Amino acid sequence: QLHNHLVHIRRHMEGLLAENRQLRERARTAEQELRNQRERLQSLEQDLQRLHQDREDARRAIAQALEVINDLIAEHQESE
């Protein structure tokens, strides 16, 4: 009788240990996926920041070009 209870307890413990290993593996996989997503998010944020900077640079270049065009138009009108 005691032997049967001990065998039952041992099987139950082995099942718990196996389940624990599976849960640890799932947690490890989930943590790796989370790390990958964080890295991807960081990369996308850096890309977005570069795009914002490029847009600001383009705006400045356009503003400078318009200023030069306005100066040329003014000079041309003065010379007429």
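Quick note: structure is the one above.
Rules used in this analysis
Residues numbered from 1 in each chain as written. Predicted model: local features only at pLDDT ≥ 70, side-chain atom pairs only at ≥ 80, totals over all residues. Heavy atoms only, no water. Helix = DSSP H or I, 4+ residues; strand = E, 2+ residues; numbered from the N terminus. Buried < 20%, exposed > 50% of the residue type's maximum accessible area, 1.4 Å probe, protein only. Patch = residues over 30% accessible without salt bridge, like charges linked within 9 Å, V, L, I, M, F, W, Y side chains within 5 Å. Areas by Shrake-Rupley, 256 points an atom, 1.4 Å probe, with all protein chains shown as cover. Salt bridge = Lys/Arg side-chain N within 4 Å of Asp/Glu carboxyl O.

Participant: Looking at this structure, how should I read the environment of E14?
Facilitator: For E14, the position within the fold is in helix α1 (residues 2-79). Judged by relative accessible area, E14 falls into the partly exposed class, the value being 41%. Considered as a pair, E14 and Q77 are 63 residues apart in the sequence and their alpha carbons are 94 Å apart.

Participant: How should a nonpolar patch on the surface be read in this particular structure?
Facilitator: Taken together, the side chains of L2, L6, I9, M13 and L16 define a hydrophobic patch exposed on the protein surface, amounting to about 500 Å² of accessible area. Mapped onto the secondary structure, I9 falls in helix α1. Judged by its relative accessible area of 46%, I9 is partly exposed.

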